Each structure stands twice: as structure tokens, then as C-alpha cells.
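What the coordinates show
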Amino acid sequence: MVRPADPPGDPSAFARETGPTAEAYVDLAEDLDDAVEGSVRFDEYAQLLYATDGSIYQARPAGVVAPTDIDDVRAAVQVATAHDTPIMPRGAGSSLAGQAVGPGCVVLDMSRHMDGILDVDPDAKRATVQPGVVQDDLDDHLAEHGLKFAPDPASSGRATVGGGIGNNSTGAHSVRYGITDAYTEEVKAVLPDGTLLHAREVVLDGPEWDDIVAKDDREAEVYRTVRSLVEDNAEEIESRYPDLKRRVSGYNLDRVIYENEDGEEVINLAKLYVGAEATLGVIVEATVGLVTVPEETALALYCFEDLVAAMKAVPEALEFDVSAVELMDDEVFRLAAESDGYSEYVEPIPEEAAAALMLEFDSELHDDFEAAVAETNTHFVDGGDAFDVIEAYTDEDQADLWKLRKAAIPLLMSLEGDPKPYPFIEDATVPPAELAEYVQEFQDVLADHDTSAAYFAHAGSGTLHIRPILNLKTEGDIEKMHSITEDVTDLVLDHHGAFSGEHGDGMARTEFNPKMYGPDLWAAFKEIKTAVDPEWLMHPGNVVYRDGPDDVGPDSERGVGADMREHLRYGPAYQSLEPQTELDFSEEGGFSHLVELCNGCGTCRQHGSDVMCPTFRASREEIQATRGRANMLRAAISGELPEEELYSDRFQEEVLDLCVGCKGCSSDCPTGVDLAKLKAEVKHQYHEEKGTTLRDRLFANVDRVSAIGSALAPLSNVAQKLPGSDLVAEKVLGVAPERTFPKFRRETLVDWFDERGPKVSEAEAEDHVLLFPDTFTNYSYPEPGKAAVEVLEAANVHVRVLDTDDVAPSGRAAFSIGLLDEARERAQHNVDALAPSVADGWSVLFVEPSDAVMFQDEYQDLLNGDEVASVGANAYGVCEYLHTHRVHDSLEFDGAEEYLTYHGHCNQKALNRDHHAAATLQRAGYDVDHLDSGCCGMAGSFGYEAEHYDLSKAIGRILFDQVDSSPGEEVVAPGASCRTQLGDRSGHDRPPHPIEKVRDALA
Ligand SMILES: Cc1cc2nc3c(=O)[nH]c(=O)nc-3n(C[C@H](O)[C@H](O)[C@H](O)COP(=O)(O)OP(=O)(O)OC[C@H]3O[C@@H](n4cnc5c(N)ncnc54)[C@H](O)[C@@H]3O)c2cc1C
Ligand code: SF4
Ligand code: SF4
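Residues numbered from 1 in each chain as written. Chains lettered and ligands numbered in written order. Predicted model: local features only at pLDDT ≥ 70, side-chain atom pairs only at ≥ 80, totals over all residues. Heavy atoms only, no water.

Right, let's get into the overall build of the chain. What the chain contains, in helices and strands, is 45 helices and 31 strands. A globule of 1003 residues ought to have a C-alpha radius of gyration of about 30 Å, and the chain, at 30 Å, matches this closely. Reported as C-alpha extents along the three principal axes, the dimensions of the chain are approximately 95 × 70 × 55 Å. Residue burial in the chain is summarised as follows: out of 1003 residues, 63% are buried. Accessible surface, the chain as shown: approximately 36000 Å² in total, 45% of it carbon and sulfur. Each charge class in the chain can be summarised by its mean position, and for the 80 positive and 193 negative side chains these summaries are 6 Å apart. (Helix = DSSP H or I, 4+ residues; strand = E, 2+ residues; numbered from the N terminus. Rg over C-alpha atoms; globule rule 2.2 N^0.38 Å. Buried < 20%, exposed > 50% of the residue type's maximum accessible area, 1.4 Å probe, protein only. Areas by Shrake-Rupley, 256 points an atom, 1.4 Å probe, with all protein chains shown as cover. Lys, Arg positive; Asp, Glu negative; His and termini not counted. Charge placed at Lys NZ, Arg CZ, Asp CG, Glu CD.)

Dropping the structure here:
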């Protein structure tokens, strides 16, 4: 069933090393288990889940510990040290240079439990946090004080403060605020020997200094070493560290001794920890400075026909008191236009734009935005090279432009085929005044190497994210990557810049640090590292490396050398299996290509809005994020796991079964990793080999059960209440006893309509539609179906409710479980049944969103041909139909005076079709709070399955919180599952379908 693809390169070069397997670490794992309260996982799955970050690198760690507090960190570090095993803390693992990949390390996942906000002092504008807190969560917490943490990486929805300090992160507003080192006031760090170092301002030669250095301990050694190295190398520091807003490579020797606000000369080792990429200890607590959130902002996006002209405009833009100057090029626009999730944001940008500079103005610097923008318009459009400007004053318009800008990196990674715009010299930074010349010379380097690149980034601070397009599955392009980096680092030094102005050193750039800092400072780096970490156990090989085993440090090979070509995720030896699939993956370039689209950016670990990924949001477990699942799938198809693992019980249970199939990733993942589809395919192959369970068959055939239940109602409903029936359901079928099953109706929707007949004749009608009798609506809850008929008829539409003898259930349940033959059979039946009517101009309408989407989307993967395309194109959710065809314009309403909370269906959100119901409700006169909610957690049968009940409820609670904090008086939801989940809350009734509220408002 599975056949290997041809190897893409010469496997002899850069052979893949998987590193020691889990068995090598049994003693270490046992000792950690005894010493640590948090979870300890040293199995192969854990190694694979933490083997990558957002970069081009991959290397298995020894295992993963999720510490619960400082004592846990110390215990874990001490055990690892006793076993002479390196240590690497990690936040969201969204790094782009490989600095969150630790070969053979004990990974400390700080994001799991150590994410507390310990103290906020609004007057002093300061917060003390644990390192695992996500930056956006911190900002949400600070919002009530009108404050925020100033560094704002594009990844702030999942990036942690600890990871931000580790990398010295920054974002679009560095022009205005500077970078993380400016805001890191104090740090508590655990050193490899267990020392808890409290790094803060210490007045040089003051009593505190004297106390510290008088001791004979690690802390004293570190303070003495750093001070003497900084003082001895003062001239080198002055000449080697470039004068830039951003420089994050190397250690911050230029920032560690300074004059404080009271005019005292202080040493602050916290500044050294910023950008140290975990090489100097594990940060367990940080005190950071905060800034006031400007009340308002405005954006002006200037379009240029030429990239270099845009670059020339950057230094001029800085003259206008702007808070950000961002660049995007036409490659970003092109990819956004092709992406379902981002095409709407690129629409306003004129086609001729080769590059655009986006200027932000904030209310702390400007009190009249329109006047400020008029001034820049005069300069850049009337008197400059820009040919157009897009002005954005509302929050919504600005959010759209920022969304486009922040999606640039992952969008670029969605390029089809193996050549990709890879990050390795992507954040080199030069003074803004030198940008135009630098870009021209960069283009020459690329031309010399016969490649091209996309250009975007934080132009205002001189950082350009230039990503050359290479195929890192070939030896030639790996060498080309190295050669380009050699040339570009020379170029950057010629332009007084830094190799990294944002993303850090990691595996990509550490190799080049001696070139930038020269022999004296390089030696100083090594001495500092050795003073803090004599055995080089903390994340060795990052930021600084040893020149040989005889160099300072341990008597071993640890930390020796750095080569950007090692530990690559791909490489010539990489091969992947291309399973023969039931579903059509041609649009995605094949099954393996879809899996490999995951670049590790970590957007699926976001805590905030969007649909993706509810299971991570509820569990905070890496394996329950889209990325975790995609990484495991890649391991299985690329030989990291045995081939048969993909169809093992363990793989199903741990990797796939907890994916609720909400489809959120298909639209929210910037590269479009569609895990629901991948899951359905693998589950299908698994069922082929292992068969199906009674429960799978029951859920896949829920229509038949419902038909019998309805025929026997009310007896069948009484049977559900019999004592012990829930126990039988749990023990025999594995169904959660806590769940309420839908009651069966004696009179189905189809019965009701047969009895009643259409009220608008076909001859007199404006349009004619077929209403699909989905299982839930037909047998258990016909009210939305009846409401749909009444609303449509009020709009003079002729309606026929399809008979269950003529159409089959949509096959959604079978598809989600991976019973693809059954799903296809139903799809074929329905397409055959409906295609002639569709050809005659009938639309097919659905009350249940997941069934509508099944026709619109999954049927296209199951079947080929014009008929399925035509049926899919004429399938609509009922509100989608009313809104899309402006049918609701002809309706008359009484003027409903109610504020509704609308929770859309995740499947419809994934297709960007959930807004129609909100628009229809508004047309009916309601005020609507359209929740930015994800999956409700029921996901068809998922919430009924006993082993998934807790996760289902945990996902549901996220929705409940959103509903509870909404100003709406009543919640409405089109999905039958969502209404069940919301109705299963104690003290709450099952909410209505939006179409019922529309019907209620009819005049
Ligand atoms: C799409 C995308 C956009 C990005 N945009 C930006 C951007 O605009 N600006 C920017 O600066 N970066 C950006 N990044 C890079 C990255 O997201 C940021 O650097 C981010 O701050 C890293 O946070 P993290 O929690 O993921 O850290 P991780 O990647 O987990 O770790 C970062 C480093 O810090 C170390 N570390 C983590 N926790 C600790 C700790 N407790 N103690 C000591 N060391 C620790 C790790 O070992 C690692 O070396 C982007 C990445 C992606 C994928
Ligand atoms: S699944 Fe998508 S969002 Fe998640 S890490 Fe991979 S590419 Fe990023
Ligand atoms: S389908 Fe939903 S639950 Fe599954 S990985 Fe994608 S976003 Fe997560």
C-alpha cells in the first residue's frame, strides 16, 4: 500500500544521524523521574516532537521534562549535570535559527507549567513573570493598566517571554522601543551546578558588589570574570559592536556595564542573559520593564514600483516620528493572494506594487493622524517615488495590514515544491542609510549563486528578512547556502551591520560569530561561557563554540566547532514515502508534500483567536498541536520511525485520535497543513489493516440508528433513560456516560414537509432550492429545518425537502472516522442524485454546516469530475445562501431588539463561510457579537467518545468563557454539535440555530 519515492539526492553525503535512541537514556530518565515533580518523557515520540523548531534544523534531544517550579528546574538540571548530559530550556520552540534544537539535550519545556505572571507594578511599569508565559497573554493581562511588554515579535501569539529573552527578540516597533535587552531588568537563572543566580543591577565596587565577590562560589566567579573581560576589552567592544537599533548575535558585552538612572556605574548580568540562547543557564524568573500602550495608531502603506526605491525611502521615513517602518515585496503579495486565509488582506494592494513600505504613527507621538499622513503623502507620493498610498485608521483596517505583514514568513514557506525560501541569513541588519546599497549588493550575491529571494521586514531598523530560495534536499544547494552566507556576512560587515538583528545565532549563524567579533572578543565569549558553565552543559554549540577539545572548557568534544550545514532537517539523505492515497492530494503536491509543509513556525500553538488548534489550546501539549502531529507524520514517512508505526495503535491514539478534525489548520496554518485530511487518510489505511470497532461503525451509521430510533420514538427515548443504559453505552460502546443523546422525534422533518407541502409554487418563485435532511435535523431536532423552510418561503423561494430515500447522509461522520470507502459511497450517491437538479438550476441547502462543508470541500477530495464540482459549487449553508444571493434583502422583519452571541461552526470558518449567518442575523435586526471562537470540542462523535470526553469538555470551556464574557443576551450556533456542547452545560438550554432567530424576527 505504501511505496517509497525516489531518493531526492545522493544519500552518501550528509547522512542523517538520528542520535541515540531513548534506550540510551534509561538511567537518566529514571533519576529525573525520581527527582522532578513535572512530567518526564524520554520515549522516541517525545524525542521527535522536540527535535525541531521553526528553523531548517533537526536533532533529537535526549528527552523532555516539563518542570513545575524553580525547585523542579534545579532538580532536573542537577540530575542532568550528574549524568553529564547537556540541558536546553525551550519556550514555544518558534526559533528560526535552530537555537531551540538541542542534540542529545534534556529539554526543559518551560511553556507547559511555568507560565505564571507573578507580579505587576503598574506605577513602576514593571512585571515579574515566569519564563513560559506567552507574550500576548502577558499583554492581555497588562491591558487593564494600559501597559504592554514592548518587544513584539510577529510570533508573539505563542512565543514566550523566556524564549524572547533567550533570543533577544524584537518586532516591528523596535524603531520606537528598542529590543528585549532594553526591557530585561532582572533575571533569576539556574546554572548547571544548581546555583540560583539573581542577575540585577549591582553598583560596581559598592557594598553589594563587595559581598558578592568576597565569596568563593560560582556567582562570584561569574561576576569577576565578566567585569574583567568587559573592562579589558573596552576598545574592542567599542569598535566591534555596530551602532544599530538591533544586534542580537554574540553575547551582550556592550550592554552589561553601564551608568544607571542614578548616575552609578553598575553591572547587570541580566543583560548578558538576553540573547544568550540558554547557554548561560535556565531563566526561571524575569522582571521586565513595560511601556504605555498608545491609545490609537494609524497606518500608511506606500507602494513602489521598485524595491530599491522603497529602500531609499527608509531613512526619510524615520524623519517623521514613526513607530514602525515595515517592508513587504511582491512575492509576499503574490503568495497571500493565492492563500485562502490571506487573500482578502492583499486585495487593496495595487498589482503594480513591487514593494510597499508600511509606516505606523501612534497617538503618543501624534495628535492628528490625518495631518501626519498628509505630510508623509506629500513627501513620498507627491515628491517621492511612491505611486500610491493605502491609509488605515480603523482598528480593523490596520489589523488586516498587520496580518498580511506577519504572515510573510510562513506564507513564503508555503511555496510549492522542494525549493523554499529558507532562513539562514534572513535577519542581517545594516544601518538604514545603507539599506538601498546593501540590497543591490545582496541581489548581486544571489545572482552569483543563481538564485532569487523574497524581501520583507523591519526596514526602519535596517533588518531585512531576505530568504534565498534553495532546495536543501540537495548537496549542491546546501553548499550554496554556506557560500551565500560567507558572502553576505562579508557584505554585512562592509556595511557596518550585524549578522543577526532579530532571530539570533543558533545553528545557522554561530559559525560566523568569530568573523564578526574578532579573536579577542571571541576568546572573551568562551571565557564567560566557561566561568558560568565549566563543563559546557548549557546548550553547547550555540552563540559560542570551542575551537578544539584542548580549548577552554571540558576535556571532551562537547561544544567543539559549529557548522551551519550540520543537523539539517532535510539534506540529500532525506527520503520520504509517498503513500498511495484514497483521497486526492494532487492539489497539495502529494501526501508527503502536505506533511512537509509544516515548517515549525508554531502558529498552531497560539493561545488567542482563530480556529487552529483547539486541542493544543485546551491541553498545552506539543503532541496535540498541529505541529506535533505533522512532525510525527513526517517522522513516520521519512524513516525516523519504522514504516509500520504510522498504522500502529499507539500512533493512532497518541498522534491522530485527539485531532478533532475541525479543519482549523487548513485555513489558519499559514502554509495550509490540513491535518484533518491527513488524519482521515491515515485512519482509512489503519482501518484497512486493522478493521473497525463497533463504535466506529455505529457513529459512521448514525443515520440508520436515528431512523430506527425515530420510528420507535418515544419508546427509544425511554430506553435511553433506563437505569444502567449509560453504563452499557460506556462499557460496550465506549460512549461517555455524561453526554446527553439527542431525543428522537416520531415526526421527522421529511414527514412534516410531506404533510405540509411547499407554500410557494415553483412557477411563482424567485428561485428554487432543495433542503438536505441531515440526520440530526431530520430525526432529532427538526425546528431549524422548519424555520429554514419558512424563511425561504417568506423570501418567495420554492423549497423542497429532499427525501431520505433519495439522498444518503453526507458521509461526514464516516469521513471523520476515516471510513473513506463509506464516505465515498455516500458522496457518489448524493452527487448522482443531485447533479441533474443542480444542472437544472436548483441549489442544495443545508441547516447543518458540517454537511454543507462536506459537499463543498471533502467531496472534491473523494470524487473527481464536473458533477461533484458543480454540486459542491451549488451547495450552501442556509444563511450562506440567503446572504450570498442577497435573498434576505426581500424579507421583511419586525425589528428584533435582541443582542445575540453568534458562535460559528469551525468547518465553515475554515472555508471562510461563517460570516454569512452573522450578516443574516444583522439583516433581521439583531445586534450580533460574532465570537472569534474555534471548535466547540464536540466535533461530531469526538465529544461522545468516553476517552475524549475530558478533552472535549476542556475545549468546550474555552468557548463557554467566550460566551460568558460576550455582551450578547442569547447564544446562537448553527452546528448541531456546538448546540449539544453548549446545551450540556449545567443550567443552560440548548441554544437555537441562527435560522430560528431569523424566522422569529419575520414580520
Ligand atoms: C513566523 C515567525 C515569525 C517570527 N517573527 C519574529 C519577530 O518578528 N521578531 C523576533 O525577534 N523573532 C521572531 N521569530 C522568532 C521567534 O519566534 C522569537 O525569537 C521568539 O521570541 C522565540 O520565543 P519562543 O518561546 O518560541 O522561544 P524558543 O524558540 O523556545 O527559544 C528561544 C531560545 O531561548 C532559549 N530559552 C527558552 N526559554 C528559556 C529559558 N527559560 N531560559 C533560558 N533560555 C531559554 C531557548 O533555548 C532558545 O535558545 C519568528 C518566528 C516565526 C516562526
Ligand atoms: S502546522 Fe502550520 S502553523 Fe503549525 S507549525 Fe506547522 S506550519 Fe506552523
Ligand atoms: S484539524 Fe483542528 S484539531 Fe486537528 S490539527 Fe487541525 S486545528 Fe488541530
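So, on to the site of ligand 3. Every one of the 13 residues lining ligand 3 counts as a neighbour, but C613, R629, C659, C662 and C665 are closest to it. In terms of residue class, the shell around ligand 3 is made up of eight nonpolar, three polar and two charged. (Near = heavy atom within 4 Å. Nonpolar A, V, L, I, M, F, W, Y, C, P; charged D, E, K, R; others polar.)

What the three strands build is an open sheet, ordered β30-β29-β31; its pairing is parallel. The outermost strands of the open sheet, each flanked by one partner alone, are β30 (927-930) and β31 (970-972). On average, adjacent strands in this sheet sit at an angle of 35 degrees to one another, irrespective of strand direction. On the sheet, helix α42 (residues 915-923) packs against β29 (899-902), β30 and β31 and is oriented at approximately 160 degrees with respect to β30. (Pairing = 2+ DSSP bridges. Axes fitted to C-alpha atoms, helices over the stretch in contact; angles between N-to-C directions. Contact = heavy atoms within 4.5 Å.)

Summed over the entire model, instances satisfying the criterion amount to eight cavities of 30 Å³ or more. Here the largest cavity is characterised by a volume of approximately 210 Å³. Of all elements in the fold, only α18 (408-413) and α23 (591-596) reach the threshold of two or more residues within the lining of the largest cavity. Tallied by class, residues from the lining of the largest cavity come to ten nonpolar, five polar and six charged. (1 Å grid on protein atoms, 1.4 Å probe; cavity = no way out; pocket = protein on both sides within 12 Å on 5 of 7 lines; lining within 4 Å. Points joined across faces, edges and corners; volume = space filled by probe spheres on them.)

Inspection of the region around ligand 2 gives 13 residues, with C598, C601, G602, C604 and C669 positioned closest. Class assignment of the residues belonging to the shell around ligand 2 gives a composition of six nonpolar, six polar and one charged.

Attention now goes to the nonpolar core. Ranked by internal contacts, the top residues of the largest apolar core, which has 124 residues, are L253, I267, L269, M311, L327, L357 and Y438. With eight residues, helix α22 (residues 513-532) is the largest single contributor of residues to this core. Ignoring any residue separated from it by four or fewer positions in sequence, one finds L327 in contact with L307, A310, M311, A355, A356, L357, R405, Y455, F456, A457, A459 and L464. L583, C613, I623 and L675 belong to the second largest nonpolar core, which has 83 residues in total. (Core = buried A, V, L, I, M, F, W, Y, C linked by side-chain atoms within 4.5 Å.)

Taken together, E305, D306, E316, E319, E351, E352, D385 and D388 make up a surface patch of like negative charges. Mapping E352 onto the fold places it in the loop between α15 (343-346) and β18 (355-362). On the basis of relative accessibility, which here comes to 47%, the residue E352 falls in the partly exposed class. (Patch = residues over 30% accessible without salt bridge, like charges linked within 9 Å, V, L, I, M, F, W, Y side chains within 5 Å. Salt bridge = Lys/Arg side-chain N within 4 Å of Asp/Glu carboxyl O.)

Here we take up the packing of aromatic side chains. Under the definition given, this model contains 21 aromatic pairs. Here F772 and F846 contribute two aromatic rings whose centre-to-centre distance is 5.0 Å and whose plane-to-plane angle is 35 degrees, an arrangement assigned as tilted. With F772 in the loop between β25 (767-771) and α34 (775-780) and F846 in strand β27 (residues 843-846), this residue pair connects regions lying 74 residues apart in the sequence. We note that F772, like F846, is buried. (Phe/Tyr/Trp six-rings, centres within 6.5 Å; stacked < 30°, edge-to-face > 60°.)

The subject of this paragraph is helix α35 (residues 783-794). Over its twelve residues, α35 runs 16 Å from end to end, which matches the ideal 16 Å to within 8%, given 1.5 Å per residue. Judged by how many residues are buried, α35 sits mostly within the fold: nine of twelve residues are covered. Looking at α35, one finds that the buried residues are P784, G785, K786, A787, A788, V789, V791, L792 and E793. Where α35 terminates, the next one or two residues include N796, which has phi positive at roughly 60 degrees. (Expected span 1.5 Å × (residues − 1).)

We now examine the environment of M938. Topologically, M938 is positioned in the loop between β30 and α43 (949-964). Taking the C-alpha atoms as reference, M938 lies 7.7 Å from G956; in sequence the two are 18 residues apart. Contact partners of M938, with chain neighbours within four places excluded, come to R739, G943, Y944, S952, S977, T980 and Q981.

Orientation of helix α8 (residues 207-214) relative to helix α9 (residues 218-232), taken along the N-to-C sense of each, is 115 degrees, at an axis distance of 7 Å. Residues W209, I212 and V213 of α8 touch α9, and the partners they reach there are E219, A220, Y223, R224 and R227. A per-class count over the contact of α8 with α9 returns five nonpolar, no polar and three charged.

A word on the pattern of salt bridges. For the structure on display, the rule yields 59 salt bridges. For the salt bridge of R509 with E426, the shortest nitrogen-to-oxygen distance reads 2.8 Å. Pair noted here: R509 is in helix α21 (residues 506-509) and E426 is in the loop between β20 (420-421) and α19 (435-448), with a separation of 83 residues, a long-range link. Among the residues examined, R509 registers a relative accessible area of 1% and is labelled buried. Relative accessible area serves as the criterion here: at 0%, E426 is assigned to the buried category.

Moving on: α19. Compared with an ideal rise of 1.5 Å per residue, which puts 14 residues at 20 Å, α19 spans 20 Å between its outermost C-alpha atoms and is within 8% of the ideal. Considered for burial, the residues of α19 that qualify are L435, A436, Y438, V439, F442, V445 and L446.

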